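Residues per chain are reported as follows:
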Amino acid sequence: MVVPHHPTGARLARHRLAGELADVVPPTLLADLIAVLAELVGNAVRHARPLPGGVVRVAWRLRPSVEGTLIQLGVTDGGASTGPRIRTAGADAADGRGLHIVAGLATRWGVEQDGLGQRVWAEFDPVPTHRPDLVPAG
């Protein structure tokens with residue numbers, strides 16, 4: 001989906017993610033996904049240029065596996081003069097903690113650059129799948 005390169009873009013993305021995944025993932029994981037997506041979109045709006053049309057592209061993907069469902073979030077923007085990096089924020093600083101939140105909640109995150117901009121992504125390891133066909137030994 002595309003959202004405006006504006007603070008309202010984060011709200012639109014959060015609501016859409018919540019609506020689509022509310023019945024798919026546990027509530028605690030959904031809260032983490034929403035928090036990370038809000039940080040990634042917020043960072044794109046604050047620190048990067050928009051894509052053509054004044055937008056940011058937001059995507060999520062669920063990949064089923066034997067272990068469960070791997071979830072990946074991604075936010076693509078027009079890039080910035082410096083790439084996203086974790087900063088050290090002072091105790092009184094009003095900002096600078098967003099990627100700490102992303103790193104703390106996601107299993108891993110990273111940045112991909114291309115000729116048009118950058119994509120910041122975060123992955124969450126598979127959510128355990130309930131397997132009624134497996135019975136614990138013992």
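Each remark here, short or long, concerns the structure printed above.
Just so you know, these numbers come straight off a predicted model, no measurement behind them.

Peer 1: In this structure, what is going on with the overall build of the protein? I would like to understand it.
Peer 2: Assigned secondary structure in the protein consists of three helices and five strands. Along the protein, from the amino end to the carboxyl end, the secondary structure elements read β-α-α-β-β-α-β-β. Considering the protein as a whole, with its 138 residues, one finds that 36% of them fall into the buried category. For the protein, long-range pairs separated by at least 24 residues make up 61% of all intrachain contacts whose partners lie at least 6 apart in sequence.

Peer 1: I tried to follow helix 1 (residues 7-21) on my own but got confused; where do I start?
Peer 2: Taking 1.5 Å as the rise per residue, helix 1 with 15 residues should run 21 Å; its terminal C-alpha atoms sit 22 Å apart, in good agreement. Looking only at helix 1, the buried set comprises G9, A10, A13, L17 and L21. Down the axis of helix 1, the buried set is contained in an arc of 100°. They therefore lie on one face. In helix 1, the exposed positions angled more than 90 degrees off the buried face are occupied by P7, H15 and G19. Packed against the buried residues of helix 1 are strand 1 (2-4), helix 2 (27-47), strand 2 (55-65) and strand 3 (68-77).

Peer 1: Help me understand the side chain of Q72, please; the structure alone is not making it clear to me.
Peer 2: Within the secondary structure layout, Q72 lies in strand 3. A relative accessible area of 12% places Q72 in the buried class. A distance of 3.0 Å separates a polar atom in the side chain of Q72 from a polar atom in the side chain of R119. Separated by 2.9 Å, the side chains of Q72 and E123 make a polar contact. Discounting residues that sit within four places of it in the chain, Q72 has contacts with A59, W60, R61, R119, W121, A122 and E123.

Peer 1: Would you mind showing me how to read the pattern of salt bridges here?
Peer 2: A side chain with one charge may pair with a side chain of the opposite charge, provided their charged atoms come close. The full count for this structure, using the stated rule, is five salt bridges. The salt bridge partner of E123 is R63, with a shortest N-O separation of 3.9 Å. Taken together, the residues span a long stretch of sequence, with E123 in strand 5 (residues 118-128) and R63 in strand 2 at a distance of 60 residues. D125 is the partner of R108 in a salt bridge, and the nearest nitrogen-oxygen pair spans 2.8 Å. Of the two residues, R108 is situated in strand 4 (residues 108-113) and D125 in strand 5; the sequence distance between them amounts to 17 residues.

Peer 1: How should the packing of helix 1 against helix 2 be read in this particular structure?
Peer 2: Between two packed helices, both the angle of their axes relative to each other and the distance between the axes serve to describe the pair. Remark: helix 1 packs on helix 2, axes separated minimally by 9 Å, with the N-to-C direction vectors making an angle of 155°. Put simply, helix 1 runs roughly antiparallel to helix 2. Handedness of the crossing formed by helix 1 with helix 2: right-handed. In this structure, helix 1 contributes P7, G9, A10, A13, R14, L17, A18 and L21 to the contact, and helix 2 contributes L30, L33, I34, L37, A38, V41 and V45. Looking at the contact of helix 1 with helix 2, its residues break down into 13 nonpolar, one polar and one charged.

Peer 1: I tried to follow the packing of helix 2 against helix 3 (residues 98-105) on my own but got confused; where do I start?
Peer 2: Running from amino to carboxyl end, helix 2 crosses helix 3 at an angle of 145°, the nearest separation of the two axes being 9 Å. Regarding helix 2 and helix 3, the two cross each other, and that crossing is left-handed. Residues D32, A35, V36, E39, L40 and N43 of helix 2 form the contact with helix 3, whose participating residues are G98, L99, I101, V102 and L105. Grouping the constituent residues of the contact of helix 2 with helix 3 by class yields seven nonpolar, two polar and two charged.

How each quantity is defined
Residues numbered from 1 in each chain as written. Predicted model: local features only at pLDDT ≥ 70, side-chain atom pairs only at ≥ 80, totals over all residues. Heavy atoms only, no water. Helix = DSSP H or I, 4+ residues; strand = E, 2+ residues; numbered from the N terminus. Buried < 20%, exposed > 50% of the residue type's maximum accessible area, 1.4 Å probe, protein only. Contact = heavy atoms within 4.5 Å. Expected span 1.5 Å × (residues − 1). Arc of directions from axis to C-beta. Polar contact = N/O pair within 3.5 Å; in protein donor to acceptor, adjacent residues only side chain to side chain. Salt bridge = Lys/Arg side-chain N within 4 Å of Asp/Glu carboxyl O. Axes fitted to C-alpha atoms, helices over the stretch in contact; angles between N-to-C directions. Parallel < 35°, antiparallel > 145°, perpendicular 65-115°, else oblique. Left-handed = near helix turned anticlockwise from the far one by under 90°. Nonpolar A, V, L, I, M, F, W, Y, C, P; charged D, E, K, R; others polar.

By themselves, these observations are geometric and do not establish any function.
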